[in-house]
Amino acid sequence: MSYAQQMMMILPEIVLAVGALVLMLVSAWGGHSSARGVSWTAVAVLIGAGVALLGPASHGGEAFYGLYRADAFGAFAKLLIYIAAAVSIMVAPRFFATTSGDNLRPEYPVLILLSAIGMSVMVSASDLLTLYVGLELQSLAAYVLASFMRQDTRSAEAGLKYFVLGALASGILLYGISLVYGFTGSTLFDVIAQAYAGDRSLGLLFGLVFVFAGLAFKISAVPFHMWTPDVYEGAPTPVTTFFASAPKVAAMGLAVRVAIEAMGPAVDQWRQIVIFAALASIILGAVAAIGQTNIKRLLAYSSINNVGFALVGLAAGTQAGVSSVLVYMAIYIVMTLGSFLIVLQMRDADGMPVETIDSLSGMSRTRPWLAAALAMFMFSLAGIPPLFGFYAKFAVFSAAVESGLFALAAVGIAASVIGAYYYLRVVKTMFFDEPAPAFAPMDSKVEGGLIAITALVISPLGYLLIPALLSATNMAARALF
């Protein structure tokens, strides 16, 4: 394969890298006044990277001696990542302008682009070292984003916690990678799969455990979830919107590729880990969210809960299971972005953010359309039909049942009832409690439009998208098998 053909396979990453470097220079010379222009240009760069997926980047195969794989699975995950990153950039200017009097600095969209490059590499990695490089590039940008508001002690604390725990997780993952390399003699997924297909030594099994432990941190699965509520609460809300969407897809895509491509022959071993993490995440995410008073912390535990449901699909270990994970993540992205877009509208009369659940009291009378949209997102996250979130849960449980994991499906379905409680509590607060002071009126057509689009997608009309969604996810899943 020629060098030019290989470069075409990584065209989305090239577009993002060149765009990030150029915008970094523009922001250095232009200062704070260039922030808005840099932001919209960054959105255009992400759109350009998405268009680049239409070429060899979605079906080119292996590149650079097996270090990178351009296939439909990576392309589908990248599309979700770019959409979430673009939304996170679009909603930032108004938030930073009204929160601390400090207008958005142009470094914000540049960091999002750099993180997107890392996530792109993560979901297309076919070698453990490529995996680690992509993971660290994403993480380093994320640490800075978490502490982006330097004068805010909560933001600084969130960044520090994320950095310390992220470094610990990277160490665990790197130790697992070193064990796998030591007992297989290679970091390529194909060679590792051959080793796991043979006699699996104790060292190989320990390597598998440590690799999955490191990946569990990145998707914030129990018991490696402890950073999520504090970081989600402390980080600026547009950054939390980003954390709850794009990196989740990237980490889940990475975990699926490692499980199926590199360690597929050891499915009986890693399935035990995945089942434990799935059930623990579903149950703890539901129970711990019940007592929360901060809406961002509640959505943090909601994300842990939803990761557990996605892992149910991975536990199946089949093509249908992988397809169900991608279906779940696609619908989860829309529900999460919509929820956080409404959290961004929670501002008092002075324009300052309000994050308590009690502040939503009586919102159905002060902001009826906003209350209706948030109720839709809450019901959808709970998996209540006929909203589209129900289909996401139906897909992963169906895959588990087809694989004979009846107990996992039964416990997961029962535990989802617990999760419905705290979603319904938010709806009850909005529709049945005495009105709290009304939020400031929405003054952003961009955010209003995005809320309308996400609400439309998760409404019953979203079921019209199922044929196209299943076609894309089945094609993506086939690429791994």
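These numbers were taken from a predicted model, which means no experiment stands behind them.

> Report on the packing of helix 15 (residues 295–316) against helix 19 (residues 388–402), specifying residues and quantitative values.
Running from N to C, helix 15 and helix 19 cross one another at 35°; their axes reach a closest spacing of 7 Å. Judged by the sense of rotation from one axis to the other, the crossing of helix 15 with helix 19 is left-handed. The segment helix 15 lies against helix 19, with N306, F309, V312, G313 and A316 engaging K393, V396, F397, A399 and A400. Broken down by class, the residue content of the contact of helix 15 with helix 19 amounts to seven nonpolar, two polar and one charged.

> I'd like a description of helix 10 (residues 202–218), backed by residues and values.
Over its 17 residues, helix 10 extends 25 Å from the first C-alpha to the last, a length consistent with the 24 Å expected when each residue adds 1.5 Å. Most of helix 10 is tucked away, with twelve of its 17 residues classed as buried. Among the residues of helix 10, G203, L204, G207, L208, V211, F212, A213, G214, L215, A216, F217 and K218 are the ones counted as buried. Tucked inside the fold, the buried residues of helix 10 contact helix 7 (128–146), helix 8 (153–184), helix 9 (189–197), helix 11 (227–234), helix 13 (246–262) and helix 14 (267–289). A positive phi of about 55° marks S220, the residue just after helix 10.

> Quick rundown of the confidence of the model for the chain? Include the residues and the values.
If pLDDT is low for a region, its predicted coordinates should not be looked at in detail. When the pLDDT values of the chain are averaged, the result is 89; 99% of them are 70 or greater. Confidence scores differ between elements of the chain, with helix 5 (residues 92–99) showing the lowest mean pLDDT of 79 and helix 4 (residues 72–90) the highest of 94.

> Hey, could you go over the environment of I342 for me, with residue numbers and the actual values?
Checked against the element boundaries, I342 lands in helix 16 (residues 319–343). Given the relative accessible area of 1%, I342 is considered buried. The spacing of I342 and A373 is 31 residues in sequence and 8.2 Å in space, taken between C-alpha atoms. Residues within four places of I342 in sequence aside, it is in contact with L370, A373, L374, F377 and I451.

> Go over the UniProt feature "domain: NADH:quinone oxidoreductase/Mrp antiporter transmembrane" (unreviewed entry) in the chain with me, naming the residues and quoting the values.
Using the residue numbers shown here, the UniProt feature "domain: NADH:quinone oxidoreductase/Mrp antiporter transmembrane" (unreviewed entry) corresponds to residues 125–419. Between the end C-alpha atoms of residues 125–419 the distance is 34 Å, and the span holds 77% helix and 0% strand.

> Please set out the nonpolar core residue by residue, giving values where relevant.
Core analysis: the biggest nonpolar cluster contains 172 residues, and F243, M263, W270, L311 and L360 have the highest contact counts within it. Residue contributions to this core peak at 17 residues, all from helix 16. Contact partners of W270, with chain neighbours within four places excluded, come to L208, F212, A259, I260, M263, G264, L314 and G317. Counting residues in each nonpolar core, the second largest holds five residues, with I10, A63, Y68 and A70 among its members.

Parameters at a glance
- Residues numbered from 1 in each chain as written.
- Predicted model: local features only at pLDDT ≥ 70, side-chain atom pairs only at ≥ 80, totals over all residues.
- Heavy atoms only, no water.
- Axes fitted to C-alpha atoms, helices over the stretch in contact; angles between N-to-C directions.
- Helix = DSSP H or I, 4+ residues; strand = E, 2+ residues; numbered from the N terminus.
- Left-handed = near helix turned anticlockwise from the far one by under 90°.
- Contact = heavy atoms within 4.5 Å.
- Nonpolar A, V, L, I, M, F, W, Y, C, P; charged D, E, K, R; others polar.
- Expected span 1.5 Å × (residues − 1).
- Buried < 20%, exposed > 50% of the residue type's maximum accessible area, 1.4 Å probe, protein only.
- pLDDT = per-residue confidence, 0-100.
- UniProt positions renumbered as here; feature names shortened; annotations may be inferred.
- Core = buried A, V, L, I, M, F, W, Y, C linked by side-chain atoms within 4.5 Å.

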